[in-house]
Amino acid sequence: MKLLKFPVLAMLAVSALVTSCSDEGSWDGYVEKGDVYTFDQASANYNFTPVTVQDSIVITLTRSNTAEEVVLPIVADLDEGLTGPSEVKFAKGENQADYIITVGALTIGEPLEATLSFDEELVSVSGAAECVVNIMLDYTWVSAGSCQMYSQWADNSSPVRVPIEKAAEGDGLYRFESPYYYLEPNYCPEPGYHVQFYLDENYNALAVDQFTYIGELITIEGVSYDAVLCCLADGSYGCQFVNAGSTFLINAVMGYDVGGGSIGLYTYETIQLLWDEGYPGAQ
């Protein structure tokens with residue numbers, strides 16, 4: 001994380017989708033009197049592409065014994081496009097049962113959520129009475145070469161090679177693959193935080209996504225926040241995305257998510273890059 005004392009730019013109220021979830025979760029193994037239950041996972045993410053999408057998702061629950069057949073009522077809060085039953089049945093002699101979420105038509109880039117729960121009085125010690133499932137249909141990303149990148153935020157004195165990918169189903173949609181993971185892995189230790197951008201029909205700079213989480217934490221006066229790259233479409237704070245052939249420039253702002261749909265803008269970020277491998281336009 002980066003330690004920063006005082007924000008130098010104003011607060012900007014924006015709509016920000018924050019998804020924080022974990023695939024971890026387990027049966028605690030504690031033997032209790034009577035039947036108690038747990039979801040094997042408190043949360044789960046399912047990210048599909050058009051060629052890997054599936055029409056159902058299985059969520060497993062575990063109970064403390066295998067005595068008789070039991071029906072456990074389930075409260076299912078499902079986004080439109082998802083369906084599921086109002087109960088799950090444990091067969092006699094079985095301590096696990098599956099809840100099936102049926103997945104309808106998905107739209108690329110539009111997430112769906114399912115929240116499943118049962119009576120908290122029936123949950124096992126350290127168990128989970130709720131499971132939040134996030135479902136996303138993503139583009140099929142294919143290699144589009146790589147670039148040599150400089151970042152004012154990362155303060156790299158030598159260019160860092162960053163992969164670039166193209167969305168097979170997207171018209172002019174590209175992304176820098178985990179740029180800050182390559183630029184400064186000490187601050188961004190995990191890949192997966194991509195920066196999407198768009199080119200016009202002549203492969204010139206068109207736009208960068210306005211708000212992108214970069215996989216880093218910013219600590220201000222002892223409080224840590226998720227860092228957000230902001231490239232505002234209206235050009236505020238000097239934001240722009242331009243190019244001359246395969247040389248590109250992004251003027252943006254580095255911000256931090258303070259919650260409640262607000263982003264605190266901290267400092268400026270300039271990214272310069274040479275798309276020297278695979279650039280599809282005129283050099």
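Just so it is clear, the model here is predicted, and its values are computed rather than measured. (Residues numbered from 1 in each chain as written. Predicted model: local features only at pLDDT ≥ 70, side-chain atom pairs only at ≥ 80, totals over all residues. Heavy atoms only, no water.)

Draft legend 1. Focus on unusual backbone geometry. One non-glycine residue, Ser126, adopts positive backbone phi at about 65 degrees. Take Ser126: it is sitting in the loop between strand 11 (112-117) and strand 12 (130-137). (Helix = DSSP H or I, 4+ residues; strand = E, 2+ residues; numbered from the N terminus.)

Draft legend 2. Fine view of the sheet that holds strand 8 (residues 82-83). Strand order in the open sheet formed by 4 strands is 3-5-10-8, and the pairing between neighbours is antiparallel. Each edge of the open sheet is held by one strand with a lone partner, namely strand 3 (37-39) and strand 8. The pairing of strand 8 with strand 10 (residues 96-103) spans 2 bridges and is antiparallel. The partner of Thr83 across the bridge, within strand 10, is Thr102. (Pairing = 2+ DSSP bridges.)

Draft legend 3. Geometry of the sheet that holds strand 7 (residues 75-78). Taken together, 4 strands build an open sheet; the order of strands is 4-12-11-7 and the sheet is mixed. Of all strands in the sheet, those with a lone pairing partner are strand 4 (43-48) and strand 7, marking the two edges. Pairwise comparison of adjacent strand axes, ignoring direction, gives a mean angle of 15 degrees for this sheet. (Axes fitted to C-alpha atoms, helices over the stretch in contact; angles between N-to-C directions.)

Draft legend 4. Broad picture of the nonpolar core. If you look at the biggest cluster of nonpolar residues, it comprises 43 residues, and the most contacted ones within it are Phe176, Tyr180, Phe197 and Trp275. If we ignore the near neighbours within four places in the chain, the residues touching Phe176 are Cys147, Met149, Val162, Pro163, Ile164, His194, Val195, Phe197, Ile250 and Leu273. Residues Ala44, Ile59, Leu72 and Phe90 belong to the second largest nonpolar core, which totals 29 residues. (Core = buried A, V, L, I, M, F, W, Y, C linked by side-chain atoms within 4.5 Å. Buried < 20%, exposed > 50% of the residue type's maximum accessible area, 1.4 Å probe, protein only. Contact = heavy atoms within 4.5 Å.)

Draft legend 5. Highlighting the packing of aromatic side chains. By the definition in use, this model includes 16 aromatic pairs. Where Tyr139 meets Trp141, the ring centres are 5.9 Å apart and the plane angle is 70 degrees; that geometry is what we call edge-to-face. Owing to a relative accessible area of 21%, Tyr139 belongs among the partly exposed residues under this scheme. Where Phe197 meets Trp275, the ring centres are 6.0 Å apart and the plane angle is 85 degrees; that geometry is what we call edge-to-face. Of this pair, Phe197 sits in strand 16 (residues 195-199) while Trp275 is found in strand 22 (residues 262-277), placing the two residues 78 residues apart along the sequence. With respect to class, Phe197 is no different from Trp275; both count as buried. (Phe/Tyr/Trp six-rings, centres within 6.5 Å; stacked < 30°, edge-to-face > 60°.)

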